[in-house]
Every structure is written in C-alpha cells, then in structure tokens.
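Structural features, examined
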Amino acid sequence: MAINLLKGQRIDVGLSQVGIGLGWDPNEGTGFDFDLDASAFMLGENKKLPKEEFFVFYNNPKSPDGSIESSGDDLTGGNSDGDDETLTVDLGKVDSRIQEIVFTVTIHDAEGRRQNFGQVRNSFIRIYNANTNEEIAKYELEEDFSIETAVEFGRLYKRNGEWKFEAMGIGYKGGLQYFVDKYC
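Keep in mind that this is a model prediction, so the values were computed, not measured.

Take the pattern of salt bridges next. A complete count under the given rule lists 9 salt bridges for this structure. Salt-bridge contacts for aspartate 83 lead to arginine 126; the nearest nitrogen and oxygen are separated by 2.8 Å. Here the residue aspartate 83 occupies a position in the loop between β6 (68–70) and β7 (85–90), and arginine 126 occupies one in strand β9 (residues 120–129), the gap between them amounting to 43 residues. Arginine 155 serves as the salt-bridge partner of glutamate 166, at 2.6 Å between the closest nitrogen and oxygen.

See the structure below:
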C-alpha cells in the first residue's frame, strides 16, 4: 500500500529500479495548454552538478551514467489518468559522485503565457517500483502557488549508503533557468 507523504516527510526507498511520476491538470479556461517540464538535477556533495550532462530534461533525456531516463516532454499536461511525465531511475547505476537527485517541474514560457502553478491543480510526484509499477509513495502539492512558476517536488538522496526520498514542494518564481543557475 502506497504512503501519502506530507511536505518534508522522508522514506526509505529500498529498491534499485524506481520510477518518478509527475502529474498535473491545468484549470479550465486558462487560454493556453500548460507545457510543464519535469527535470532531474544530479548533485554532488557540494549541491552542484559534477558536469552539465547530469542535468536530465527534455533536451538531455538520459544521464551520462545511464541511471536516469526521461519519458520525454508532454506539451499539454492534463493526463488526469496518471503521470504526465516520468523519469526512470536505476539507483545501482548512479555515478559515485552523485549524492542527491532533485526533481523539479517548471512551466515553459510561463511569463509569455502568463501562467503559474496557481492555475494548475492535482499536481503530484510519486515514486514507484519501475519493475512492477507498484506505487510506493505519493506527494500531492497542496499549496496555492499563485506566483510561482517552478517547483522542487522531491528528491532522492543518499544517507549512509542507502537511498531515501523526501517530499519537498518548494515553489520559486522563475523558470528552468532558475534551477540551472542554482545547481550549475
């Protein structure tokens, strides 16, 4: 049975093959499709990318160590039946320099389209067994991010050689470039 996580809650992962599913539904009448983009930032002990290639997103769908692969870019969102974008993670392949993997979602062209996370509902991140598709845990974003256009949804991190997951739910005003500047 899956665990419903609260913001800041942490769990042991206990698997080597995990999927990270992210989903959202745009509110009705917002004018444009919502192009939300899921990304993964693979960070070293200094909370920075060891190399640019450890930033997995729509233009770099696979990490250099082969441990993370993106499902691709969903340009409209609104798949109310499940995940809009997924990232598959093989924790056994993660480069030894990586201590943390932060999963973010940003709104593409948010400023031009005048969009923010306050116009999106049913946002979530879930972690599941990539071999069986059995859900382990889910965190539903409940904050009203009326000016935020970028969110750190959750992170996998290594503690004493074991991988754990933390629900984050931290919103920012800025797009993908905000995270690139933060982690590069």
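Next up on the list: the layout of surface pockets. Considering only enclosed or pocket space, the largest pocket measures out at about 280 Å³ in volume. Lining the largest pocket are 17 residues, and of these Ala110, Glu111, Thr149, Gly174 and Gly175 lie nearest its centre. Those elements that place two or more of their residues in the lining of the largest pocket are β8 (100–107) and α1 (110–113). Among the residues making up the lining of the largest pocket, the classes are represented as 5 nonpolar, 8 polar and 4 charged.

Right, let's get into the sheet that holds strand β12 (residues 162–172). Pairing is antiparallel across the open sheet formed by 6 strands, whose spatial order is β2-β12-β11-β8-β4-β5. Looking along the sheet, the strands with just one partner apiece sit at the ends: β2 (10–12) and β5 (55–56). Direction of pairing for β2 relative to β12: antiparallel, over a ladder of 3 bridges. Along β12, the bridge assignment pairs aspartate 12 with lysine 164. Its contacts with the sheet place helix α2 (residues 176–183) against β4 (36–43), β5, β8, β11 (150–159) and β12, and it is angled at close to 5° to β4.

Most of β4 sits out of view: 8 of its 8 residues are buried. Taking every second residue as pointing to the same face, both faces of β4 are buried, with Leu36, Ala38, Ala40 and Met42 on one and Asp37, Ser39, Phe41 and Leu43 on the other. Two strands pair when backbone bridges link them, and β4 and β8 are joined in this way by 8 bridges, in the antiparallel orientation. Across the sheet, phenylalanine 41 pairs through a bridge with valine 102, a residue of β8. Of the pairings in the sheet, the one linking β4 to β5 comprises 2 bridges and is antiparallel in character. In the strand pairing of β5, phenylalanine 41 is matched with phenylalanine 55.

Counted by the stated rule, this structure contains 9 aromatic pairs. Taken together, a centroid distance of 6.1 Å and an interplanar angle of 55° make the contact between phenylalanine 41 and phenylalanine 179 tilted. In this pair, phenylalanine 41 is assigned in strand β4 and phenylalanine 179 in helix α2, connecting sequence segments 138 residues apart. Judged by its relative accessible area of 0%, phenylalanine 179 is buried. Between tyrosine 178 and phenylalanine 179, the aromatic rings sit 5.4 Å apart at their centres with planes inclined by 75°, giving edge-to-face as the arrangement. With a relative accessible area of 31%, tyrosine 178 lands in the partly exposed category. Directly above the ring of phenylalanine 124 sits lysine 138, whose terminal nitrogen or CZ lies 4.4 Å from the centroid. Lying over the aromatic face of tyrosine 157, arginine 155 brings its terminal NZ or CZ to 4.1 Å of the ring centre.

Thresholds, definitions, all that
- Residues numbered from 1 in each chain as written.
- Predicted model: local features only at pLDDT ≥ 70, side-chain atom pairs only at ≥ 80, totals over all residues.
- Heavy atoms only, no water.
- Salt bridge = Lys/Arg side-chain N within 4 Å of Asp/Glu carboxyl O.
- Helix = DSSP H or I, 4+ residues; strand = E, 2+ residues; numbered from the N terminus.
- 1 Å grid on protein atoms, 1.4 Å probe; cavity = no way out; pocket = protein on both sides within 12 Å on 5 of 7 lines; lining within 4 Å.
- Points joined across faces, edges and corners; volume = space filled by probe spheres on them.
- Nonpolar A, V, L, I, M, F, W, Y, C, P; charged D, E, K, R; others polar.
- Pairing = 2+ DSSP bridges.
- Contact = heavy atoms within 4.5 Å.
- Axes fitted to C-alpha atoms, helices over the stretch in contact; angles between N-to-C directions.
- Buried < 20%, exposed > 50% of the residue type's maximum accessible area, 1.4 Å probe, protein only.
- Phe/Tyr/Trp six-rings, centres within 6.5 Å; stacked < 30°, edge-to-face > 60°.
- Lys NZ or Arg CZ within 6 Å of the ring centre and 35° of its normal.

Any link to function would need more than the numbers given here.
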